[in-house]
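Understanding the architecture of this molecule
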Amino acid sequence: MKELENHQCFGGTLQVFEHHSKALNCTMKFSIFLPPQAHAQSVPVLTFLSGLTCTYDNFTTKAGAYGYAAQHGLAIVAPDTSPRGEGVPDDDAYDFGQGAGFYINAVQEPWAQHFQMERYITEELNALICENFPVMAGQQGITGHSMGGHGALTLGLKYPDLYQSISAFAPIVAPSQVPWGEKAFTGYLGTDTAEWVKHDACALMTKATNRSNAPVILIDQGEGDNFLAEQLKPHLFASACETAEQKLTLRMHGGYDHSYYFIQSFIADHIAHHAEILHGE
């Protein structure tokens with residue numbers, strides 16, 4: 001693991017690292033913010049998963065999260081969205097290939113050799129963070145935006161022992177039913193839709209049991225989002241949560257779009273949401 005950047009930030013530290021990933025068979029980068037409380041003790045950690053075309057840098061420089069994370073004593077990890085570099089397969093479209101890993105493990109070639117993002121996030125990167133930084137392995141949350149919101153919901157639901165708190169900004173909640181997801185799942189997983197629903201938040205929630213006592217999930221969605229009707233469909237997730245008796249706070253915001261200006265506007269609420277669950281605030 002090689003440190004690329006180190007900045008003092010709100011009394012804490014913002015660092016950027018690169019490392020060789022065995023899961024993805026390439027070099028990966030991530031940022032980590034350690035709040036001032038981490039100087040004296042281990043702190044809970046929140047993972048933020050970014051959306052299509054993004055890298056770790058989008059959240060790191062645009063979200064405005066670190067002041068709130070410092071107040072609440074949360075570390076934040078922001079990984080890249082896919083494997084990258086020479087020898088990693090790619091596609092000319094923005095919504096597939098490098099930058100669009102969808103946080104799943106690909107089984108189709110040529111993608112399977114590198115695009116193992118679910119394994120990378122939940123196993124390799126998680127172990128790297130927990131072993132090298134003063135964070136609490138048993139107190140973790142996950143959040144994300146758009147494609148990353150899809151990742152946050154699905155990984156949060158599939159790995160409840162790893163992630164105790166979940167939230168999302170404008171997530172793709174039903175990738176099996178929308179163009180972005182259909183394209184990615186066909187390319188990475190093949191045409192068997194039975195495999196697709198294993199990575200679909202609505203399907204996972206509908207099949208879930210004993211969710212009535214699970215912590216509330218927070219979702220923020222802009223009503224001015226150009227992708228709302230065709231790609232995002234948060235009402236489908238609300239319906240699935242009702243079926244599973246999962247507590248959901250779905251907030252629709254008039255005029256807000258899909259950009260990081262939207263994320264900046266509500267990131268404080270998401271930090272507080274995770275802190276309340278992880279710290280018991």
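For the structure given in this document, a descriptive report is provided here. Each chain carries its own residue numbering, running from 1 in the written order of its sequence. Since the coordinates come from a predicted model, pLDDT governs what is reported: local features require at least 70, and pairs of side-chain atoms require 80 or more to be given and counted, while whole-chain, interface and lining totals use all residues. Hydrogens are left out, water is left out, and the side-chain values use all remaining heavy atoms of the structure.

Some details on the packing of aromatic side chains
Definition in use: Geometry of aromatic contacts follows a simple scheme: Phe, Tyr and Trp rings, the Trp one being its six-membered ring, pair when their centres are within 6.5 Å, and the pair is stacked under 30 degrees between planes, edge-to-face over 60, tilted otherwise. Here a strand is any run of E in DSSP of at least two residues, a helix any run of H or I of at least four, and the numbering for each starts at the N terminus. Think of it in three bands: residues with accessible area under 20% of the maximum for their type are buried, residues over 50% are exposed, and the middle band is partly exposed, with areas taken using a 1.4 Å probe on protein chains only.
On inspection of all chains with the given rule, the structure shows 17 aromatic pairs. On the basis of an interplanar angle of 20° and a centroid distance of 4.1 Å, the ring pair of Phe48 and Phe59 is categorised as stacked. With a gap of 11 residues between them, Phe48 in strand E4 (residues 43–49) and Phe59 in helix H1 (residues 56–62) connect regions that are remote in the sequence. Taken individually, Phe48 and Phe59 each receive the classification buried, so the pair is uniform in this respect. Taking 6.2 Å as the distance between ring centres and 50° as the angle between the ring planes, the aromatic pair formed by Tyr256 and Phe262 counts as tilted. Accessibility expressed as a relative area gives 31% for Tyr256, which makes it partly exposed. Taking relative accessible area as the criterion, Phe262 reaches 0% and is therefore assigned buried. Taken together, the aromatic side chains of Phe33, Phe48, Phe59 and Tyr66 make up a single cluster linked through ring pairs.

Let's talk about the pattern of salt bridges
It is possible for side chains bearing opposite charge to pair when their charged atoms get close. Counted only if it meets this: Throughout this description, the term salt bridge denotes a Lys or Arg side-chain nitrogen within 4 Å of a carboxyl oxygen of Asp or Glu.
Applying the stated criterion across every chain, the model contains 6 salt bridges. Across the salt bridge formed by Lys183 and Asp95, the nearest N and O atoms sit 2.8 Å from each other. Here the residue Lys183 occupies a position in helix H5 (residues 179–189), and Asp95 occupies one in the loop between strand E5 (75–79) and helix H3 (117–132), the gap between them amounting to 88 residues. Note on Lys183: relative accessible area 34%, which makes it partly exposed.

What about unusual backbone geometry?
What is expected of a backbone is that most residues other than glycine have negative phi and most peptide bonds are trans. Here the residue pair Glu109 and Pro110 is connected by a cis peptide bond, since its omega of 5° sits within 30 degrees of zero. Turning to its location among the elements, Pro110 is positioned in the loop between E5 and H3. Its identity as a non-glycine residue notwithstanding, Asn25 has a phi of 60°, on the positive side. Here Asn25 shows up in the loop between strand E2 (12–21) and strand E3 (26–34). Backbone geometry at Glu245 places phi at a positive 60°, although glycine is not the residue there. Along the chain, the position of Glu245 falls in the loop between helix H9 (234–244) and strand E9 (248–253).

Re helix H4 (residues 147–158)
The condition is simple: Every helix has an expected span of 1.5 Å times one less than the residues it contains.
In this model, H4 (12 residues) spans 16 Å end to end at C-alpha, consistent with the 16 Å of a helix rising 1.5 Å per residue. Where burial is concerned, most of H4 is hidden: 11 out of the 12 residues are buried. Considered for burial, the residues of H4 that qualify are Met147, Gly148, Gly149, His150, Gly151, Ala152, Leu153, Thr154, Leu155, Gly156 and Leu157.

A closer look at the pairing of E5
Applicable threshold: Pairing between two strands is assigned when DSSP locates at least 2 bridges connecting them.
Burial runs high along E5: 5 of the 5 residues are buried. Bridge count for E3 against E5 is 4 bridges, and the pairing is antiparallel. Opposite Phe33, over in E5, you have Ile76 as the bridge partner. Relative to E5, E4 is paired through 3 bridges, and the arrangement is parallel. Each bridged residue has a counterpart across the sheet, and for Leu46 the counterpart in E5 is Ile76.

Brief notes about the pairing of strand E1 (residues 2–9)
As paired elements, E1 and E2 share 7 bridges and run antiparallel to each other. Following the sheet pairing, Glu5 is matched in E2 by Val16.

Topic: the side chain of His145
Where we set the bar: Working rule for contacts: check all heavy atoms of both residues, and any pair within 4.5 Å makes them a contact.
Within the fold, His145 resides in the loop between strand E6 (135–144) and H4. Excluding anything up to four places from it in sequence, His145 contacts Phe48, Leu49, Ser50, Gly51, Phe169, Ala170, His258, Tyr260 and Ile263.

Points about the nonpolar core
Side chains that are nonpolar tend, in soluble globular proteins, to be buried together. Formally: Joining through side-chain atoms within 4.5 Å is the link that ties buried Ala, Val, Leu, Ile, Met, Phe, Trp, Tyr and Cys residues into a set, and such a set is a nonpolar core.
One finds Phe30, Phe59, Phe102, Ile121, Leu153, Tyr188 and Phe237 to be the most contacted residues of the largest nonpolar core, which totals 89 residues. Looking at which element gives the most residues to this core, the answer is helix H10 (residues 260–279), with 8 residues. If we skip the residues at most four places from it in the chain, Ile121 touches Leu49, Pro79, Tyr103, Asn126, Leu155 and Tyr163.

Some words on the environment of Asn25
Classification of Asn25 by relative accessible area gives partly exposed; the value is 44%. On a C-alpha basis, the gap between Asn25 and Ala168 in space is 28 Å, while along the polypeptide they are 143 residues apart. Filtering out sequence-adjacent residues up to four positions away, Asn25 remains in contact with His20, Gln113 and His114.

Quick look at the side chain of His273
One can find His273 in helix H10. Apart from the residues within four sequence positions on either side, His273 is in contact with Ile166, Ser167, Val216, Ile217 and Leu218.

Quick notes on the environment of Ala112
Within the secondary structure, Ala112 sits in the loop between E5 and H3. Taking the C-alpha atoms as reference points, Ala112 and Leu189, separated by 77 residues in sequence, lie 9.1 Å from one another. Residues contacting Ala112, with those up to four places away along its chain left out, are Ala106 and Val107.

Any functional reading would require information beyond the geometric quantities listed.
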